[in-house]
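Results of the structural survey
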Amino acid sequence: MTIFHKIATKGKLTLGLVFPLEAYTGSIAKMENQEQLAKRVEKLGFRALWFRDVPFNDPNFGDAGQLYDPWIYMTHIMNHTKEIALATGSIILPLRHPVHTAKSINSLQILSNERLVLGVASGDRPIEYPAFNQHLENKSELFRDSFHYIKALQGSFPHYTSKFYGTTNGEIDLLPKYYQKTPMLVTGHSGQSLDWIAEQSDGWLYYPRDFNTLQLVMQQWRQALSKNEQDWKPFMQSLYVDITKDSNARPTTIHLGFKSGTDYLNSHLKLLESYGVNHVMLNLKYGSRSAEEMIEEIGEKVVPNFS
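Below or above, wherever it landed, is the structure these notes cover. Bear in mind that the values here come from a model prediction, so they are computed numbers and not experimental data. (Residues numbered from 1 in each chain as written. Predicted model: local features only at pLDDT ≥ 70, side-chain atom pairs only at ≥ 80, totals over all residues. Heavy atoms only, no water.)

**Some details on the side chain of Ser112**
By the secondary structure assignment, Ser112 is in the loop between α4 (98-111) and β4 (116-121). The class of Ser112 is buried, set by a relative accessible area of 4%. Here the side chain of Ser112 touches Leu108 through a polar contact of 2.7 Å, landing on its backbone oxygen. (Helix = DSSP H or I, 4+ residues; strand = E, 2+ residues; numbered from the N terminus. Buried < 20%, exposed > 50% of the residue type's maximum accessible area, 1.4 Å probe, protein only. Polar contact = N/O pair within 3.5 Å; in protein donor to acceptor, adjacent residues only side chain to side chain.)

**What about the nonpolar core?**
Within the largest apolar cluster, 78 residues are counted, with the highest numbers of intra-cluster contacts made by Leu15, Phe46, Ile295 and Ile298. Counting residues per element, this core draws most heavily on helix α7 (residues 211-227), which supplies 6 residues. Leave out the neighbours within four places in its chain, and Phe46 touches Leu15, Gly16, Leu17, Val41, Ile84, Ile295, Ile298, Gly299 and Val303. Core analysis: the second largest hydrophobic core is formed by 14 residues, Ile3, Ala8, Ala85 and Leu205 among them. (Core = buried A, V, L, I, M, F, W, Y, C linked by side-chain atoms within 4.5 Å. Contact = heavy atoms within 4.5 Å.)

**Details of the packing of aromatic side chains**
This structure, assessed with the given rule, holds 18 aromatic pairs. Here Phe147 and Trp196 contribute two aromatic rings whose centre-to-centre distance is 5.1 Å and whose plane-to-plane angle is 65 degrees, an arrangement assigned as edge-to-face. One end of the pair, Phe147, is in helix α5 (residues 139-152); the other, Trp196, is in helix α6 (residues 194-200), and 49 residues separate them in sequence. Trp196 sits in the buried class, given a relative accessible area of 12%. For the ring pair Trp204 and Tyr206, a centre distance of 4.7 Å and an interplane angle of 55 degrees mean the geometry is tilted. In this structure Trp204 comes out as buried when scored by relative accessible area, which is 1%. Judged by its relative accessible area of 12%, Tyr206 is buried. (Phe/Tyr/Trp six-rings, centres within 6.5 Å; stacked < 30°, edge-to-face > 60°.)

Spelled out as structure tokens, the structure:
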């Protein structure tokens, strides 16, 4: 079984955690004890650790992610864990050259013994585009061009002409070679139609929504897959949680999620599973307790129900 199938199976839901493994206020995390927490997350049975790609700290956005370059930080955490999936949520394709991205993908897959799952996106912070000398109005086309270029680079001595990033004429080859398929999941719409995502991606990463909206989104996803003669591709989503000491505590709303006890978290996730959600990336940023406490509680009372 590949690492991708360990985190994404039809009819089942699995759980992952997003770095920083920390509850914090403001934009910038402390990033303390992350290695030990990552080891504990793996031991408790979570299926994936998710790494974000945030080039700049935009104080108006309010979250700078795990601070470190995602490829370097994934390699660092790789060396402190054994089997858990290393997933990007998500690499900003238009702001990275596809040759460098493809080389990083291949390198990490080989060095990690094939633990990489690749979420990709067009970026949600327009203010970053000028720093890369890119035009925001091109971001949809930039995303598609980079996506296809990365796939072309997996072949030997590739031929590919990119409108934005360059040309390979079959006389040079990208090393190291990784001949297996690296799962590429599109985040949100990334400027693309849902039909394109259903046809080109290996799955869809989406955002927390109320149950009525989620049912509509899942229906649209299944229709797009059917239209492209695809039986099934995974649907994954993020979710911010603040887990209380009282396991019976009812939910109250926080940004992109809720504060509750583990009883409600279990029932909420079971409902997501029944709708067809295959993986949930839990984010602990808005926690009122330490991440360590919440990880232990979720690991003990929730993870066993989604293994």
